[in-house]
Amino acid sequence: PALDGGGLVAYAAVTYILWGVTYTMMDIPYWSMIPAFTQGGKERENLSTLARSCAGVGSALVTVITMQCVYFFGNGNERTGFKWFALILSVLFFVFILITCLNIKEKSTVDVDAPSIKQMFKALLQNDQAMTVVITIVLINTSVYITSNLVIYFFKYDFGGADWYNGYTLFNTFGGAILRKFLNTIRIFYVSFAMAIAGYLVLLVLVFTTMSNVFILFIPAFFIFAANGMLLVLTTIFLANTVDYGELKNKRRDESVIFSMQTFVVKLASGVAALVVSVCLSLSHLSQDTAVVAGEAAQAGGSLVGLRMTMTVLPIAGLLLAVFYFHKKYILTESKMEEMNNTLRA
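Residues numbered from 1 in each chain as written. Predicted model: local features only at pLDDT ≥ 70, side-chain atom pairs only at ≥ 80, totals over all residues. Heavy atoms only, no water.

**A look at the overall build of the chain**
Put simply, the test is: Put simply, DSSP H or I for four residues or longer makes a helix, DSSP E for two residues or longer makes a strand, and each gets a number counted from the N terminus. Buried residues are those whose accessible area, probed at 1.4 Å on protein chains only, stays under 20% of the maximum for their type, while exposed residues exceed 50% and partly exposed ones sit between those limits. Throughout, a contact is declared for two residues whenever any of their heavy atoms are within 4.5 Å.
Assigned secondary structure in the chain consists of 13 helices and 0 strands. Order of helices (α) and strands (β) in the chain, N terminus to C terminus: α-α-α-α-α-α-α-α-α-α-α-α-α. Each of the 346 residues in the chain was classed as buried or not, and the buried ones make up 42%. For the chain, the share of sequence-separated contacts (at least 6 apart) that also reach a separation of at least 24 residues comes to 79%.

Here it is as structure tokens:
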């Protein structure tokens, strides 16, 4: 509490970088397990779906309960509430990761030569299909993160009301948690893009009306969050498939190299989205501090127009770019994967 100015910035920077680095060290081998002990096809799809669905449920759960917990732990003081809620999540994170590490045992005793940095970059750059999926993931995640980062400000400053955080919670509950159960049955990639874009178009129309009922927003929430969940599952499967493709092309399996890009692109997308959100809030003259009274933070109607456009139009453009790029570059169809798996087994 005694820190301010430069000291506070230094403290935040050091702790965040340390957390980010160590999380990446864990996340890379975690996702590399999928292509390492699956043969492709339904087995890989099912495992990828299960892992991504569980990750989605966890992410959605935190999004749903955040503002309610913040108000509960802070007794109305958002700064205090965020502090205690973040501390509780940190403790839970440590406990659950410890359980994972203690219970997963490596069964393989095969010695594998570790690739050099040059070999890693060469393997990635030569795997054109991996690069295609990576770029697609960046575009998808950046689009969705822009909206998810701005939703809280939309409910605070635009949608309004003294109990704005209750509407925010309802919106994220419907979009982020309930719809996860459909992930095991819906696998159509392009339909997911169409759903997401349709959801954004509906949201774009709704934010420029005089609507005041949060339940109306469930319509775009359904399309956006459900589609995003499916896209995350499918891109994980596609990325796992590029490991087999890389083995045929480069004569070595590079699970960790390729899946490390998944961790990197999530962080890259988060950073780009945070930058876009910061610029939006600055140009729109909105405070990033959600504890600020909404009426004091948004005086002019023009500032809200910028908020609405940023959280809808930019994501639509990003998703359109992603689907066109993926359609043009990705070639690993089911028949192609079956052919590659037969060659690898031979």
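**A closer look at the environment of T63**
Along the chain, T63 falls in helix α2 (residues 41-74). What makes T63 partly exposed here is its relative accessible area of 26%. Taking C-alpha positions, T63 is 9.3 Å from S148, a pair spaced 85 residues apart along the chain.

**Quick notes on the packing of helix α8 (residues 218-250) against helix α13 (residues 334-345)**
Basically, it comes down to this: Here an axis means a line fitted to C-alpha atoms, over the contact stretch when the element is a helix, while the angle between two N-to-C directions is reported on a 0 to 180 degree scale. Roughly parallel here means an angle under 35 degrees, roughly antiparallel means over 145, roughly perpendicular means 65 to 115, and every remaining angle is called oblique. Two helices cross in a left-handed way if the nearer one is turned anticlockwise from the farther one by less than a right angle. They cross in a right-handed way if the turn is clockwise.
At a closest axis distance of 10 Å, the pairing of α8 and α13 adopts a crossing angle of 50 degrees. By the angle between their axes, α8 is oblique relative to α13. Here α8 runs over α13; the crossing is left-handed. When α8 is examined against α13, the residues N241, D244, Y245, E247 and L248 are found in contact with a partner set consisting of M337, M340, N341, T343 and L344.

**Some thoughts on the side chain of T147**
The cut-off we apply is this: We define a polar contact as two N or O atoms separated by no more than 3.5 Å, with the added condition that, inside protein, one atom must be a possible hydrogen donor and the other a possible acceptor, whereas residues neighbouring each other in sequence contribute only through side-chain atom pairs.
As for its placement among the helices and strands, T147 is situated in helix α5 (residues 128-159). Note on T147: relative accessible area 7%, which makes it buried. A polar contact of 2.9 Å, which involves the side chain of T147, links it to the backbone oxygen of M311. Each residue touching T147, except ones within four places of it in the same chain, is listed here: Y200, M311 and P315.

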